[in-house]
Amino acid sequence: MRHRFPILVVALVLVTAGCSASPAPAAEGGHGNAGSDPGARLRRPWAVERHQPGTRCPVTTETTRPGEDTGSVRGGWLAGPIGLEGGRLDYSAPDPAGAWADPTWAAQKVAWAVNPVLTTPVLVRGRQLDGPGELRFGDPAVEELLLDPAEDAVPGGWREYPSLTRLRAPGCYAYQIDAAAGSFTVVFRAVGPVVAPTHS
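This write-up is about the structure you can find in this document. (Residues numbered from 1 in each chain as written. Predicted model: local features only at pLDDT ≥ 70, side-chain atom pairs only at ≥ 80, totals over all residues. Heavy atoms only, no water.)

Further remarks concern the sheet that holds strand β10 (residues 159–161). Pairing in this open sheet of three strands is antiparallel, and the strands run β3-β6-β10 from one edge to the other. If you trace the sheet from one side to the other, it starts and ends with β3 (79–81) and β10, each paired once. With strand direction ignored, the average angle separating the axes of adjacent strands in the sheet is 20°. Note: strand β6 (residues 112–114) against β10, three bridges, orientation antiparallel. (Pairing = 2+ DSSP bridges. Helix = DSSP H or I, 4+ residues; strand = E, 2+ residues; numbered from the N terminus. Axes fitted to C-alpha atoms, helices over the stretch in contact; angles between N-to-C directions.)

Moving on, we get to the pattern of salt bridges. Going through the model one piece at a time under the given rule, you end up with seven salt bridges. Notably, a salt bridge pairs glutamate 134 with arginine 136, separated by 2.9 Å at the nearest N-O pair. According to the relative accessible area criterion, arginine 136 is buried, its value standing at 14%. (Salt bridge = Lys/Arg side-chain N within 4 Å of Asp/Glu carboxyl O. Buried < 20%, exposed > 50% of the residue type's maximum accessible area, 1.4 Å probe, protein only.)

Here valine 194 is to be found in the segment after β13 (182–191). Linking valine 194 and alanine 93, residues 101 residues apart in sequence, is a C-alpha distance of 8.1 Å. The contact partners of valine 194, leaving out residues within four places of it in the chain, are Tyr91, Arg168 and Pro170. (Contact = heavy atoms within 4.5 Å.)

With that settled, consider the nonpolar core. Membership of the largest hydrophobic core comes to 27 residues, with the highest contact counts inside it found for Leu89, Trp112, Val122, Val124, Leu147, Tyr175 and Phe188. Among the elements of the structure, β6, β7 (122–128), β8 (135–137), β9 (145–147), β12 (171–179) and β13 are those that each provide at least two residues to this core. In this view, leucine 147 contacts Trp112, Val114, Pro121, Val122, Val124 and Tyr161; residues no more than four positions away in its chain are not counted. (Core = buried A, V, L, I, M, F, W, Y, C linked by side-chain atoms within 4.5 Å.)

Mapping arginine 125 onto the fold places it in strand β7. Here arginine 44 takes part through its backbone oxygen, which lies 2.6 Å from a polar atom of the side chain of arginine 125. A distance of 2.7 Å separates polar atoms of two side chains, one belonging to arginine 125 and the other to aspartate 178. Setting aside its immediate chain neighbours within four residues, arginine 125 contacts Arg43, Arg44, Trp46, Phe137, Glu143, Glu144, Ala174, Tyr175, Gln176 and Asp178. (Polar contact = N/O pair within 3.5 Å; in protein donor to acceptor, adjacent residues only side chain to side chain.)

See below:
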């Protein structure tokens, strides 16, 4: 019993930290093993709670500029999305010409930057904070984005990963970035059309 009290203290610190990086161990269990689920060792509980519609969206304003060849990284942490000027993401409706394999989600290109000190994978997820809307990545749309340095052949410097952020409704959203070094959240406003999901 004498070891539980420090663990509870750490948990309370992480909850009150909000959007700050948290060095706590990644949550495991309930998601399969690392072999079948590479994000299992990284995935942590959501650090930012949902809030009522109509309340102010607490967009992340801090940025960092790793170098001349990399745009501003939102959040100022070891990994984050490039761009999102003013904490805003403008997304487009599905292309009727069929340019996307999955036309049931709207999209916007969002590149990700990762500091070279992070030598292990980085997991990115997202969700709406002021409503039930979901956020996906890539084409076809998937729930999580895994940024793996083993797939990057460029040595040194910040690594960049192209991606698509997929949405179906405007609102206040958050990306959660989980890595072995900790977790961080980036809150932004998404602006674009409502896309009704299709049912087969």
